[in-house]
Amino acid sequence: MSKIVVALVAGIIFGLGLCVSEMINPTRVIGFLDVFGRWDATLLLVMAAAVTIAGIGFPLVARRAKPILVDKFVVPEKTDIDLRLITGSVLFGVGWGLAGLCPGPAIAALASMSPSILMFVVAMIVGQWLASRFEG
Amino acid sequence: MSEANVIGGLSGGAMIGLASVLLLLLIGRITGISGILGGVVNWNATKDLPWRVAFIVGLILGAILYRLFWGPLPLQLQARGVMLVVAGLLVGVGTRVGSGCTSGHGVCGIARRSTRSVSATLTFMGVAMLTVYITRHAIA
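Each chain has its residues counted from 1, following the order in which its sequence is written. Chain labels run from A onward and ligand labels from 1 onward, assigned in the order the entries are written. pLDDT decides what is reported in this predicted model: residues at 70 or higher carry local features, side-chain atom pairs at 80 or more are listed and counted, and totals for whole chains, interfaces and linings draw on all residues regardless. Side-chain numbers come from the whole structure's heavy atoms, not from hydrogens or water.

1. So, the environment of B:Arg112
No. 1: Strands are runs of DSSP state E lasting at least two residues, helices are runs of H or I lasting at least four, and both sets are numbered from the N terminus onward. Secondary-structure assignment places B:Arg112 in the loop between α5 (102-111) and α6 (115-138).
No. 2: Overall, the relative accessible area of 31% leaves B:Arg112 in the partly exposed class.
No. 3: Contacts are assigned to residue pairs with any non-hydrogen atoms lying within 4.5 Å of each other. Among residues more than four places away in sequence, those in contact with B:Arg112 are A:Phe58, A:Val75, A:Pro76 and B:Ile30. When a residue's accessible area, from a 1.4 Å probe over protein chains only, is under 20% of the maximum for its type it is buried; when over 50% it is exposed; and in between it is partly exposed.

Pasting the structure below:
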């Protein structure tokens, strides 16, 4: 139960952060990606602040033998830069550039009740599902 | 150059970082949203469905709270119709195949000093910039 409350609260803080930073807005995101147009540095500030906080917090957390509420940390252990990683990132990059939406902002933006956002999120879920079908 | 949302960007970014630290400290998980969603999409493959659903509900709830207490959501869509569906499919397939998105690779991975995540982030960011260049300037 406490795990659920923690995840819910972390989700709320994250969602609020996306709204306050306006990263929920595809126009801001495209403004950052449009380096040859009217460039908008907001996304860079958001990432800098987030990476700074996490970059300080994560090593402090890592000193602990285990998390507070569960028995072990579950963190990605892969270190190789393989074709899968790059191929996936290229496909994601094209989609992100076309719409200015990535998974977090798209899900948070469901709060707008916009049918277009819902359509994007459904397509994203279908995409994840399709890709998982071809996994070994 | 468009005016950057400096205060909002820094404070919103700090909130995103804080949420990620809390999730790791308390339940030992990395805040990668495509991965959290992926575990729900393939619910057979994972036993830890509840916290994932709770986080996703929280994301939406955060935006609802913003609407209730701050003002309208800053949301101006750029793509429409078929383009939005194609983009959604690509984001879904790409984040699955590439094991992460802007939060998992871009924020948490870089904060963990993972060269894998730095490579992924430089790749999707570079490709997204190129995509915007082609759709905004080369074609238009």
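Read on for the rest.
2. Notes on helix α3 (residues 42-62) of chain A
No. 1: Given a helix with a known number of residues, its expected span is that number minus one, times 1.5 Å. Helix length check: α3(A), at 21 residues, gives a terminal C-alpha distance of 30 Å against a target of 30 Å (1.5 Å per residue), a fit within 8%.
No. 2: Here α3(A) has its buried residues at A:Thr42, A:Leu43, A:Val46, A:Met47, A:Ala49, A:Ala50, A:Val51, A:Ala54, A:Gly55, A:Gly57, A:Phe58 and A:Val61.
No. 3: Looking at the buried residues of α3(A), the elements they touch are α2 (26-33) and α4 (83-99) of chain A together with α1 (6-27), α5 and α6 of chain B.

3. A word on the environment of A:Asn25
No. 1: With respect to the helices, strands and loops of the structure, A:Asn25 is situated in the loop between α1 (2-20) and α2.
No. 2: Residue A:Asn25 is classed as buried on the basis of its relative accessible area of 2%.
No. 3: Put simply, A:Asn25 and A:Gly100 are 75 residues apart on the chain and 7.9 Å apart in space, counted from C-alpha to C-alpha.
No. 4: Discounting chain neighbours no more than four positions away, the residues touching A:Asn25 are B:Pro74, B:Leu75 and B:Gln76.

4. Notes on the environment of A:Ile107
No. 1: As for its position among the elements, A:Ile107 is in helix α5 (residues 103-108).
No. 2: Separated by 22 residues in sequence, A:Ile107 and A:Trp129 place their C-alpha atoms 16 Å apart.
No. 3: Once residues within four sequence positions are removed from consideration, A:Ile107 is found in contact with A:Val121, A:Met124, B:Ile33, B:Leu37, B:Ile56, B:Leu59 and B:Ile60.

5. So, the interface of chain B and chain A
No. 1: Contact residues are listed per partner, giving 106 residues for chain B and 105 residues for chain A.
No. 2: Carbon and sulfur atoms supply 77% of the area buried between chain B and chain A, which totals about 9,700 Å² over both sides.
No. 3: The term salt bridge refers to a side-chain nitrogen of Lys or Arg lying within 4 Å of a carboxyl oxygen of Asp or Glu. Between B:Arg116 and A:Asp82 there is a salt bridge; the shortest N-O distance is 3.6 Å.
No. 4: Polar contact is the term for a pair of N or O atoms within 3.5 Å; when the atoms are in protein, one must be able to donate a hydrogen and the other to accept it, and sequence-neighboring residues count only if both atoms are side-chain atoms. Where chain B packs against chain A, one counts 22 residue pairs in polar contact (both at pLDDT 80 or more).
No. 5: Contributions of two or more residues to the side of chain B that touches chain A are made by α1, α2 (33-41), α3 (49-69), α4 (81-97), α5 and α6 of chain B.
No. 6: Residue contributions to the side of chain B that touches chain A peak at 21 residues, all from α1(B).
No. 7: Nonpolar residues are Ala, Val, Leu, Ile, Met, Phe, Trp, Tyr, Cys and Pro. Charged residues are Asp, Glu, Lys and Arg, and all others, Gly as well, are polar. Among the residues making up the side of chain B that touches chain A, the classes are represented as 62 nonpolar, 36 polar and eight charged. Put simply, buried area is the surface a 1.4 Å probe can reach on two separate parts but cannot reach once they are joined, added for both.

6. Notes on the packing of aromatic side chains
Residues and elements named next belong to chain A.
No. 1: Pairs were defined over the aromatic rings of Phe, Tyr and Trp, the Trp ring being its six-membered one, requiring ring centres within 6.5 Å. Orientation was assigned from the angle between planes: stacked under 30 degrees, edge-to-face over 60, tilted for the rest. Under the counting rule described, the total for this entry stands at seven aromatic pairs over all chains.
No. 2: On the basis of an interplanar angle of 45° and a centroid distance of 5.8 Å, the ring pair of Phe-32 and Trp-39 is categorised as tilted.
No. 3: For the ring pair Phe-92 and Trp-96, a centre distance of 5.9 Å and an interplane angle of 20° mean the geometry is stacked. Highlighted residues: Phe-92 and Trp-96, both in helix α4, separated by four residues, approximately one helical turn.
No. 4: The class of Phe-92 is buried, set by a relative accessible area of 0%.
No. 5: Of the residues examined, Trp-96 reaches a relative accessible area of 0% and is grouped as buried.

7. Thoughts on the state of the cysteines
No. 1: Cysteine sulfur atoms that pair up within 2.5 Å are treated as a disulfide. What the rule picks out here adds up to zero disulfides over all chains.
No. 2: Of the cysteine sulfurs around A:Cys102, a residue in no disulfide, the closest is that of B:Cys101, at 6.2 Å.
No. 3: Note on B:Cys101: relative accessible area 1%, which makes it buried.

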